[in-house]
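# Working through the structure, step by step
Each chain, written out:
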Amino acid sequence: MLCLTTVLASTSVFSNGASSSAIGVQGASAQYLLGLGTGDVTGPVVETNMMGYASLSQVDSGLHMRQRSRAFIIADASNSSNRVVFINADIAMGDTGIRRSIVAALSSEFPGLYTNENIALSSTHQHSGVGGYLEDLLPQITALGYVKQAADAIVNGTVLAVQRAHASLKPGRLSLGNTTVVDGNRNRSPSAYLANPADERARYQYDQDKDLTLLRFDDESGNARGLLSFYAVHGTSIYENNTLVSSDNKGMAAYLYEGKSSHTPESTKENKSNLGSASVEPDAMPGNATFVAGFAQSNVGDTSPNTLGAFCESPGEAWDGQPCDFDHSTCGNKTEDCHGRGPGFRTSDFESNRIIAQHQVDGAKALMGQQLTEVSGPVKWVHTYMNMSFRSFQLPNGTTVQTCPPAMGFSFAGGTTDGPGAFDFIQGDNSSNPQNPFWEIVKGAVTPFPNQQQIDCQFPKPILLNTGFAHFPYEWSPSTVDIQMLRIGQLVILVIPGELTTMSGRRIRSAVRAKLISEGVVGDNAYVVIAGPANTYAHYVATPEEYTVQRYEGASTIFGRWTLDSYIDKYSSLVSFLSADAFGQPESDPAPPEQTSKAISLQTGVVFDAAGIGRNFGDVLTDVRTSSPYSAGEAVIATFVGANPRNNLRLEQTFLTVDQLVDDQWKVVRSDSHPSTTYQWTRTSTILGTSTVNITWVIEDGTPSGTYRLTYLGDNKPLIGTITPFVGHSANFTIS
């Protein structure tokens, strides 16, 4: 369900009286230099733990869609040294170590242009990507430590995206608008949301932010070059039991908008020449479209894409099929059977993923067809570091409060309806007498027992993991976070180092916007959006009221009850640095210590690959059907003699192609970045070094009849010698 609306209660961001003739091509005015670029950041797609659900058993076994970084550079045309870089990466969260490496590479190549202050690394917060890249220990545990190959892929692909954006810098203009996307998200912790004051809740129609904000990028002629949208929905459409690397709903939305295949029937194509959509570049493979569509994350904390709600999956029990307990998200007093259901539940979680992505695409298309409000004004930025351990500050009422060293509560281990926890942990446990006293005894063997100061500071959170006091073998959680804001004209982006809940996002947006206006930094048309989790991953940010409930989001608010207010205090204090005549940067706490060099990894490398006796790499073990034609909806499958894909990540390339015979020449029409294809790798013998690869293509509606084949591209590592590429082909098959 989609309807147009305005975000700001006090003023509309839309131009009044826009005529229908203005819809589409935007008027030209080159106030800015604009650059857009994309880079492949897909890490090892096998034998590596996936990031997001923190499940030891979720080890990747192949590829559904590649992960990408999309970079957006905005510079003031009158003074191009005033520029910002916003990176929207298909990863679970920003990370201090990853950002440090990106900044180092870019500042070395472009000295004085791209710096620690004006580069923002945000994430789509998807949960189906490669893990092991964060430099703090806690998120490394399920990945068996640090995975350098995954981190390098993110750094190198992101740097490439920015390089491409820099090379594409051209004069252009920006415009801004918003719409309401009602069916794209749901609040997964409504009982915590209800703890917020009734009069505050009464100001909002929904217990989720339904606004999709879009920044449109045009060239001098008013033709669309790209978009950057902000909408709050968790990247958990694809479930925890999935082991194929993908990019969840926001990566899917980018694919749907940037470029579908040339096989889209003409009868279904719309005239989208001004929308920058698929039919403008029908032959562009994913990742190669010149139009860049960024679907960025916002105050995602308590959102879920599982819009049907959470239900008990407990066969044989009386509560099977019933909604989960409202307060604790349990089924029979346990969390394991409580699962959220997406809109495509009856089909698959991949169908739910497509539907949630399509809702965001529909919102973006609606806005790209509107006359939007022109963005005008300076390009500014501000960045500082803030140590959150025992940070004292005053609330607006004069009360002095403080944040705490990081700690995770018992309900953190209870998980969410998107990914339930294990054992007997539940959400909403704020008791000093947890459900199982056993955990009170053993938790000190994992992290140090909290002292009384920490217990009092984190109250009413019962501490499970006292990560702020765990320093061996290196820091378990961040204590210092990045605080950053970017200003582009009347638009201000709050780059947040964590996951704000719905009400947390509303409060900080409102506070910063009021400060921007009261200090004369921006006029009444000030527009504030949230991007994150970005730069540093400092887990969640619940309101103080939600914190007392101690559902998952409150238990994961690692700096204590006053975390949100500390952020509001700090971000608000920095708005003067965004004024047109401001210069310099604010005072800063010391940057967090570098930890990547200390990182431990228990992941073993590839020893060797073998094809097996009498076989060659790329040989077909199970071939496609040749006896009769395929038709739309059928799956074409071939199995090949394989090799470990960790030998070569094939960044900016592909592990597979679907080829069509056109005029006696093979033409690539699908890659491993199309959602209709999957690449699955299976180790058949560790001792012998053998493996197989399954390539599947589900034929889409409208695919032209003709002759096709599947191609497998791999790289094998001998016991002695160098890694060598190889190619395998299926038999030719036909589509009727």
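A brief report on the enclosed structure follows. (Residues numbered from 1 in each chain as written. Predicted model: local features only at pLDDT ≥ 70, side-chain atom pairs only at ≥ 80, totals over all residues. Heavy atoms only, no water.)

### Thoughts on unusual backbone geometry
In this structure, the amide linkage connecting F459 to the following residue, P460, adopts the cis form with an omega of 5 degrees. One can find P460 in the loop between α8 (452-458) and β23 (463-465). In this structure, P533 follows G532 across a cis peptide bond, with omega equal to 5 degrees. With respect to the helices, strands and loops of the structure, P533 is situated in the loop between β27 (527-531) and β28 (540-541). In this structure, E47 is a non-glycine residue whose phi angle is positive, near 60 degrees. (Helix = DSSP H or I, 4+ residues; strand = E, 2+ residues; numbered from the N terminus.)

### A look at empty space enclosed by the protein
Summed over the entire model, instances satisfying the criterion amount to eight cavities of 30 Å³ or more. The space that makes up the largest cavity amounts to roughly 140 Å³. Together, 14 residues line the largest cavity, and D211, T213, F230, S298 and R509 are the ones closest to its centre. When contributions to the lining of the largest cavity are tallied by element, the ones reaching two or more residues are β11 (211-219) and β27. Its residues placed into classes, the lining of the largest cavity shows eight nonpolar, three polar and three charged. When its volume is computed, the second largest cavity comes out at roughly 110 Å³. Along the walls of the second largest cavity sit 14 residues, with R68, R70, Y255, P286 and G287 positioned nearest its centre. (1 Å grid on protein atoms, 1.4 Å probe; cavity = no way out; pocket = protein on both sides within 12 Å on 5 of 7 lines; lining within 4 Å. Points joined across faces, edges and corners; volume = space filled by probe spheres on them. Nonpolar A, V, L, I, M, F, W, Y, C, P; charged D, E, K, R; others polar.)

### Topic: the layout of surface pockets
In this structure, the largest pocket spans a volume of roughly 1200 Å³. Around the largest pocket sit 40 residues that line it, and Y53, A54, T142, F412 and A413 are the ones nearest its centre. Among the elements of the structure, α7 (438-442) and β23 are those that each provide at least two residues to the lining of the largest pocket. Tallied by class, the residues present in the lining of the largest pocket amount to 23 nonpolar, 12 polar and five charged.

### Some words on the state of the cysteines
Summed over the entire model, instances satisfying the criterion amount to three disulfides. There is a disulfide in this structure between C312 and C331, and the S-S distance comes to 2.1 Å. Its S-S torsion of about -95 degrees marks the bond between C312 and C331 as left-handed, since a negative value means left-handed. One end of the pair, C312, is in strand β16 (residues 309-312); the other, C331, is in the loop between β16 and β17 (338-341), and 19 residues separate them in sequence. Summarising the burial analysis for this pair, C312 and C331 share the class buried. Disulfide pairing is shown between C324 and C338; the S-S distance is 2.2 Å. Handedness here is read from the sign of the S-S torsion; for C324 and C338, about 115 degrees, the answer is right-handed. In this pair, C324 is assigned in the loop between β16 and β17 and C338 in strand β17, connecting sequence segments 14 residues apart. (Disulfide = S-S within 2.5 Å. Buried < 20%, exposed > 50% of the residue type's maximum accessible area, 1.4 Å probe, protein only.)

### Notes on the pattern of salt bridges
Using the criterion set out here, one finds 26 salt bridges in the structure. Measuring nitrogen to oxygen at the nearest pair gives 3.3 Å for the salt bridge that ties D482 to R99. Of this pair, D482 sits in strand β24 (residues 480-488) while R99 sits in helix α1 (residues 96-109), placing them 383 residues apart in sequence. Both residues of the pair, D482 and R99, belong to the buried class. Close ionic contact of R507 with E545 constitutes a salt bridge, the shortest N to O distance being 3.1 Å. Note that R507 is positioned in helix α9 (residues 502-518) and E545 in helix α10 (residues 544-549), a separation of 38 residues in sequence. Judged by relative accessible area, which is 19%, R507 ranks as buried. Judged by relative accessible area, which is 24%, E545 ranks as partly exposed. (Salt bridge = Lys/Arg side-chain N within 4 Å of Asp/Glu carboxyl O.)

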